[in-house]
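Chain and residue survey
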Amino acid sequence: MRTYIGRSLGTFLELMIFSANKLLWVSSPSLSPKYAQKLVDLSKKGVDIKVITSAYKNEEAVNIIKNSLKPERNARGEIRSDWVSPPLDYLILKKNSSIQKVKMYIVDGKQAIIGSLSLTEEELYNSIEYIVILDDPRDVEKMMDDFISLWKLYIGLGDDFIECTRSFPSKFFVSRMT
């Protein structure tokens, strides 16, 4: 376990988070458009992306994520034959954004980051923040289980409060049980 407190934590955190090559799970109440696009770009490279965020003051970032799952079309407006939906699932809180406080990042199932910072330029580079980085496999596994539990808690709020892809955590949950 490592801890960091201070400004400009983004200098190394951005590299750590966006170097994921297998999976990246993000719970961040605030999400900038720049980082939303980076998540989409990673998913297009085959990285399994799971995002929990709020629509409150995040409309542009939320639209970037949601639009990435719309089929790409050719010049005639037909869905491109080579288009494949990226491995990206999202859960977006539509109402009462104050219930989304958890800031958690899981990288490749090998590192977990928890702390005070959301995935925005302001918080990564200007705010004074505190984070804990876990890299013990048991701790990371526990954080992955907690992420799934968090997803399920939000799903329980119902469609009036959330918008999400329904494929997570069910398909992942089944694969972890076998």
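For the structure, check the block above.
Residues numbered from 1 in each chain as written. Predicted model: local features only at pLDDT ≥ 70, side-chain atom pairs only at ≥ 80, totals over all residues. Heavy atoms only, no water.

1. Structural notes on the nonpolar core
Nonpolar side chains tend toward joint burial in soluble globular proteins. Counting 33 residues, the largest nonpolar core has Leu13, Leu24, Leu31 and Leu119 as the members making the most contacts within it. When residues of this core are traced back to their parent elements, those giving at least two are helix H1 (10-17), strand E2 (23-27), helix H2 (33-44), strand E3 (48-54), helix H3 (59-67), strand E4 (88-93), strand E5 (104-107) and strand E7 (129-134). The leading source of residues in this core is H2, at 5 residues. Residues within four places of Leu31 in sequence aside, it is in contact with Ala36, Leu39, Val51, Thr53, Asn58, Ala61, Ile65, Leu119 and Thr120. Ranked by size, the runner-up nonpolar core spans 20 residues in total, among them Ile52, Leu91, Met143 and Phe147. (Core = buried A, V, L, I, M, F, W, Y, C linked by side-chain atoms within 4.5 Å. Buried < 20%, exposed > 50% of the residue type's maximum accessible area, 1.4 Å probe, protein only. Helix = DSSP H or I, 4+ residues; strand = E, 2+ residues; numbered from the N terminus. Contact = heavy atoms within 4.5 Å.)

2. Observations regarding the pattern of salt bridges
Going through the model one piece at a time under the given rule, you end up with 9 salt bridges. When the shortest N-O distance is used, the salt bridge between Lys66 and Glu163 registers 3.1 Å. With a gap of 97 residues between them, Lys66 in helix H3 and Glu163 in strand E8 (residues 162-164) connect regions that are remote in the sequence. The partly exposed category is assigned to Glu163, whose relative accessible area is 28%. A salt bridge links Lys142 to Asp146; the nearest nitrogen and oxygen atoms lie 2.7 Å apart. Of this pair, Lys142 and Asp146 are both found in helix H5 (residues 137-155), 4 residues apart, which corresponds to roughly one turn of the helix. With a relative accessible area of 48%, Lys142 lands in the partly exposed category. Classification of Asp146 as partly exposed rests on a relative accessible area of 26%. (Salt bridge = Lys/Arg side-chain N within 4 Å of Asp/Glu carboxyl O.)

3. Details of the sheet that holds E8
The mixed open sheet is built from 8 strands, whose spatial order is E1-E7-E6-E5-E2-E3-E4-E8. Of all the strands in the sheet, just strand E1 (2-6) and E8 have a single pairing partner and so form its edges. Along the sheet, successive strands turn relative to each other by an average axial angle of 10°, direction set aside. Of the strand pairs in this sheet, strand E6 (residues 111-115) and E7 are connected by 4 bridges, and their pairing is antiparallel. (Pairing = 2+ DSSP bridges. Axes fitted to C-alpha atoms, helices over the stretch in contact; angles between N-to-C directions.)

4. A few points about the side chain of Ser28
Looking at the secondary structure, you find Ser28 in the loop between E2 and H2. Judged by relative accessible area, Ser28 falls into the buried class, the value being 1%. There is a polar contact of 2.4 Å between the side chain of Ser28 and the backbone oxygen of Ser30. If near-sequence neighbours (up to four positions away) are discounted, Ser28 is found in contact with Ile52, Thr53, Ser54, Gln100, Val102, Tyr105, Ser118 and Leu119. (Polar contact = N/O pair within 3.5 Å; in protein donor to acceptor, adjacent residues only side chain to side chain.)

5. A short note on the environment of Ser116
Along the polypeptide, Ser116 turns up in the loop between E6 and helix H4 (121-125). Here Ser116 is in contact with Lys103, Glu123, Glu129 and Tyr130, once residues within four sequence places are set aside.

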